[in-house]
Amino acid sequence: MIAHRVLFLVLDGISDRPCEALDGLTPLAAARTPVLDRIAGEGVCGIMDSIAPGIRPGSDTSHLALLGYPPQEYYTGRGPLEAEGTGIHMTAGMIGFRCNFATVDADGLVTDRRAGRISGTGPLSEAIRDGVDLSPLGVGFRLESGAGHRAALALVGEGLGDKVSSNDPKKEGVRPLTIRPCTDDPADRATADACNEFIRQSARVLFDHPMNVRRMEEGLPPANLLLIRGAGKMGAFPQFSERYGLSGSVISAATLISGIGKVVGLEHIPVPGTTGSVDSDLDAKVKTAIRELDKKEFVLMNIKGADEAGHDGKGVQKRDFIEVIDAALEPLLDLPDTLIVVCADHSTPCSIKDHSADPVPVVIRGPGVRTDRTARFDEISCAEGGLHRIRGCDLMPIALDLINKSHKYGA
Ligand SMILES: O=C(O)[C@H](O)COP(=O)(O)O
Ligand SMILES: [Mg+2]
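These numbers were taken from a predicted model, which means no experiment stands behind them.

Criteria and thresholds
- Residues numbered from 1 in each chain as written.
- Chains lettered and ligands numbered in written order.
- Predicted model: local features only at pLDDT ≥ 70, side-chain atom pairs only at ≥ 80, totals over all residues.
- Heavy atoms only, no water.
- Pairing = 2+ DSSP bridges.
- Helix = DSSP H or I, 4+ residues; strand = E, 2+ residues; numbered from the N terminus.
- Domains from an automatic or database assignment.
- Contact = heavy atoms within 4.5 Å.
- Buried area = accessible area lost by both parts, 1.4 Å probe.
- Salt bridge = Lys/Arg side-chain N within 4 Å of Asp/Glu carboxyl O.
- Polar contact = N/O pair within 3.5 Å; in protein donor to acceptor, adjacent residues only side chain to side chain.
- Nonpolar A, V, L, I, M, F, W, Y, C, P; charged D, E, K, R; others polar.
- Donors = N, O, S within 2.8 Å, 3.2 Å for Na, K, Ca; no water.
- Buried < 20%, exposed > 50% of the residue type's maximum accessible area, 1.4 Å probe, protein only.
- Arc of directions from axis to C-beta.

### Quick look at the sheet that holds strand β10 (residues 298–303)
Within the open sheet, the eight strands sit side by side as β9-β8-β10-β1-β11-β12-β2-β13. Their pairing is mixed. The sheet is open, and its two borders are formed by β9 (267–268) and β13 (388–391), each paired with just one other strand. Bridge count between strand β2 (residues 44–49) and strand β12 (residues 360–365): five bridges; the pairing is antiparallel. Looking at β12, one finds that M48 is bridged to V360.

Structure representation (structure tokens):
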């Protein structure tokens, strides 16, 4: 018995450290997860360093590693990947960035890097597209909103470099930074100048935008500044189908993940009602994945909300959302002929509100898999499983072997 298709389910940032609010348990250990536990019981479990022990992965580098594209070789920055996910097609000469709609106060201090986890920022991006003009600098730009507070920017022009810093101070209570070139190359200076001008002009547009006026009337933080980071040019990615001989799709509301999927050649399948947050329509997502597996041999599905709860330091909310995820996954239990891989891309401990290098739990379940004795899907139980401790880049080779698609090393 051998599976012929793979469902690769990434529960973004689900992994954690002991939480005080949960009597020292992780949100995953504290949650009631009968479906994930059954998958663990019927599969082989382990823990995984997405990149390597002690390395704190970004969602960008971790997903590249999980798909078998070592970031050390393929990563050229988050910006171009996020841009592709929002529908900006990155061609030669374009420099991509990830943006956050953020809030600054009257003194210019960042008070919320995510503008109260604002959503529906399409009108703000549209106003910036109409109101910002970088042509005196010889630069054009594209800006598209993503899920929640996220957006992507691409600068377009001759002689632009991608070695520039960010204006994101990565914490609140301080001023945004000035973007600087990281080298003496005039191309990097040109990009830094264009970024600073873009940020200045876009802040003017955002200042009295009706959506922000309304938000302030409602006591919500206005999205009055763009924080931009992750500058990069598009890299070159061997296509997934050629690399693995598998057709594939990506299902994700997070534009970074759909962008990564797209650039490696997975078809992005949008699902109405999914938000990348804890209010996402997970039933619709799971239904779409099941439908997609009738057409494709590989489906990457990312569920993001637990990561957001981790970034917000909300352990109880994270635990509760994990239970929502678990219930939504129930229809997957009856999928025939399918290898199901479940893991996180990194840990997002509530105690540090950011990613950590703690290894994540992983389980592989499907026909022919040698089951171990682990029957609970959490960070501690999975550490006793038969996969032991692997790296993100090991996952695709293991999955390919289990579906009989790997090549013999040697004669
Ligand atoms: O949610 C995301 O997109 C990132 O993982 C975290 O980014 P942020 O801190 O800018 O929200
Ligand atoms: Mg992530």
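### Quick notes on the domain arrangement of the chain
Split into domains, the chain comes out as domain 1 (5–76 + 236–402) and domain 2 (82–233). Using only C-alpha atoms to locate each centre, domain 1 and domain 2 end up separated by 30 Å. Residue-level contacts link 13 residues of domain 1 with 13 residues of domain 2. Roughly 1,100 Å² is buried in total at the junction of domain 1 and domain 2, and carbon and sulfur atoms are behind 42% of that figure. Contact with domain 2 buries area across many residues of domain 1, yet T76, T255 and E308 alone supply 41% of it, more than any other trio. Taken together, the connections running from domain 1 to domain 2 amount to four salt bridges. The tally of links from domain 1 across to domain 2 stands at six residue pairs in polar contact (both at pLDDT 80 or more). For the side of domain 1 that touches domain 2, the secondary-structure elements that each account for two or more residues are α10 (255–263) and α12 (305–311). Counting residues per element, the side of domain 1 that touches domain 2 draws most heavily on α10, which supplies six residues. Split into classes, the residues belonging to the side of domain 1 that touches domain 2 amount to three nonpolar, six polar and four charged.

### What about the coordination of the magnesium ion (ligand 2)?
Taken together, the protein donors to the magnesium ion (ligand 2) comprise D12 (OD), S59 (OG), D345 (OD) and H346 (NE2), at separations of 2.0 to 2.1 Å. Taken in chain order, the donor set of the magnesium ion (ligand 2) reads D-x46-S-x285-D-H. Residue S59 is found in helix α3 (residues 59–66), and its partner H346 is found in the loop between β11 (338–343) and β12; the two are separated by 287 residues along the sequence. An identical accessibility class is assigned to S59 and H346; each is buried.

### What to know about helix α11 (residues 282–292)
Within α11, burial applies to L282, K285, V286, T288, A289 and E292. Down the axis of α11, the buried set is contained in an arc of 160 degrees. They therefore lie on one face. Summarising the geometry of α11, the exposed residues directed more than 90 degrees from the buried face are K287 and R291. Considering only its buried residues, α11 is in contact with β1 (5–11), β8 (248–251), β9, β10 and α13 (315–328).

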